[in-house]
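Descriptive structure summary
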Amino acid sequence: MTSTVEPRVLKHQIVRASIEELLDGLRVGDTVPSERDLAVRFDVARETVRQALRELLVAGRIERQGRTTLVAGPKLVLPLALGSYTEAARTEGHTATRILVGWTRLTADADLAGQLAIKEGDPVIQLERVLTTDGVHLGLETTRLPAHRYPGLIDTFDYTQSLYAEIAGRGITFAKAVDSIETTLPDAREAALLTVDTRTPMFLLKRVSYDPAGIPIEHRRSLYRGDRMTFTAIQTP
């Protein structure tokens, strides 16, 4: 005879369920009661409420704007693919654009030189942009490119457009990309650019793209809001 151990329901999970019922009666964009008000309402410690709200933030039920917590709309679901994030969002019927943070001229250190298959000290172009969807700052994209492959890019490229399309227009073909994805939290600068606080969960995607000859095209570091986005991937045997 075997015995079954029922999983223990923690207090913050009970509070989370109660808050979700509360959210169901509100509209997207409505203000969520404060931690203090929720603690009084459910007769629990504020830390219990804080833990429940943390889980709801990760789940995408709420979002933070400064010190205010709001009811969130559905997460944006996009495929993890070799292509433009903004163009993919537009294909799904969303309004999407890019905001320029800045261009920077760099020299490659040993690590970046290895990733881009160039010599240490070679010139590199860095483009940093905020990605927006439906007016919300959802991503921060930093792309580093070996300067010798992209003459005149800083002067001629319209930063609101697809960089992948620009690269393809220069006769460079994307053959594959190597991605790594992990979770992280934004630093103060990143949080400010994405109009969130430093407690907001993020997806950190690092990518090196290659042409058919196996020569690196770009090194990209993308930070996406985990509370507002979900990525999907199709895999075949």
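Residues numbered from 1 in each chain as written. Predicted model: local features only at pLDDT ≥ 70, side-chain atom pairs only at ≥ 80, totals over all residues. Heavy atoms only, no water.

Here we look at the sheet that holds strand 5 (residues 123-133)
With respect to topology, six strands assemble into an open sheet ordered 4-5-6-9-8-7, the strand pairing being antiparallel. Whereas interior strands pair on both sides, the edge strands pair on one side only; in this sheet they are strand 4 (96-107) and strand 7 (176-184). Averaged over all pairs of adjacent strands, the angle between their axes in this sheet comes to 15°, without regard to strand direction. Bridge count for strand 7 against strand 8 (residues 202-210) is nine bridges, and the pairing is antiparallel. Bridging from a neighbouring strand, D179 pairs with R207 of strand 8. (Pairing = 2+ DSSP bridges. Helix = DSSP H or I, 4+ residues; strand = E, 2+ residues; numbered from the N terminus. Axes fitted to C-alpha atoms, helices over the stretch in contact; angles between N-to-C directions.)

A look at helix 1 (residues 11-24)
Over its 14 residues, helix 1 runs 20 Å from end to end, which matches the ideal 20 Å to within 8%, given 1.5 Å per residue. In this structure, the buried residues of helix 1 make contact with helix 2 (35-42), helix 3 (46-59), strand 1 (62-65) and strand 2 (68-71). (Expected span 1.5 Å × (residues − 1). Contact = heavy atoms within 4.5 Å.)

What to know about helix 2
Taken together, the buried positions of helix 2 are E35, L38 and A39. The buried side chains of helix 2 occupy one side of the element, clustering within an arc of 100° when seen end-on. Turned more than 90 degrees from where helix 2 packs its buried face, R36 and V40 sit exposed. The secondary structure elements touched by the buried residues of helix 2 are helix 1 and helix 3. (Buried < 20%, exposed > 50% of the residue type's maximum accessible area, 1.4 Å probe, protein only. Arc of directions from axis to C-beta.)

Remarks on the domain arrangement of the protein
Partitioning the protein into domains gives domain 1 (11-71) and domain 2 (76-232). Centre-to-centre, using C-alpha coordinates, domain 1 lies 33 Å away from domain 2. Residue-level contacts link eight residues of domain 1 with 10 residues of domain 2. Of the roughly 690 Å² buried at the junction of domain 1 and domain 2 (both faces included), carbon and sulfur atoms supply 43%. When the buried surface of domain 1 facing domain 2 is broken down by residue, L57, E63 and R64 rank first, second and third, together holding 62% of it. The interface formed by domain 1 and domain 2 includes one salt bridge. Notably, a salt bridge pairs R225 with E63, separated by 3.4 Å at the nearest N-O pair. (Domains from an automatic or database assignment. Buried area = accessible area lost by both parts, 1.4 Å probe. Salt bridge = Lys/Arg side-chain N within 4 Å of Asp/Glu carboxyl O.)

Some words on the pairing of strand 3 (residues 76-79)
What you see with strand 3 is a clean split: L76 and L78 sit on the buried side and V77 and P79 on the side with no burial. For strand 3 and strand 10 (residues 229-232), the ladder comprises four bridges, and the chain directions are parallel. Considered in strand 10, the bridge of L78 is made with F231.

Regarding the side chain of R225
By the secondary structure assignment, R225 is in strand 9 (residues 216-225). By relative accessible area, which is 2% here, R225 ends up buried. At a separation of 3.3 Å, a polar atom in the side chain of R225 contacts the main-chain carbonyl oxygen of H137. In contact with R225, not counting residues within four places along its chain, are E63, V136, H137, L138, L194, V196, P201 and M202. (Polar contact = N/O pair within 3.5 Å; in protein donor to acceptor, adjacent residues only side chain to side chain.)

A look at the packing of helix 2 against helix 3
Interhelical geometry of helix 2 versus helix 3 gives an angle of 110° and a closest axis separation of 9 Å. Overall, the two elements helix 2 and helix 3 adopt an arrangement that is roughly perpendicular. The chirality of how helix 2 crosses helix 3 is right-handed. Between helix 2 and helix 3, the residues in contact are E35, R36, L38 and A39 and R46, V49, R50 and L53, respectively. (Parallel < 35°, antiparallel > 145°, perpendicular 65-115°, else oblique. Left-handed = near helix turned anticlockwise from the far one by under 90°.)

Quick word on the packing of aromatic side chains
Per the stated rule, a full pass over the model turns up four aromatic pairs. Between the aromatic rings of W103 and F157, the centroid separation amounts to 6.3 Å while the plane-to-plane angle is 85°, which identifies the pairing as edge-to-face. Placement of the pair is W103 in strand 4 and F157 in the loop between helix 6 (153-156) and helix 7 (163-169), with a sequence separation of 54 residues. Its relative accessible area of 23% is what places W103 among the partly exposed residues. The class of F157 is buried, set by a relative accessible area of 7%. When the centroid spacing of 5.0 Å and the interplanar angle of 65° are considered together, the rings of Y224 and F231 count as edge-to-face. Judged by relative accessible area, which is 2%, Y224 ranks as buried. (Phe/Tyr/Trp six-rings, centres within 6.5 Å; stacked < 30°, edge-to-face > 60°.)

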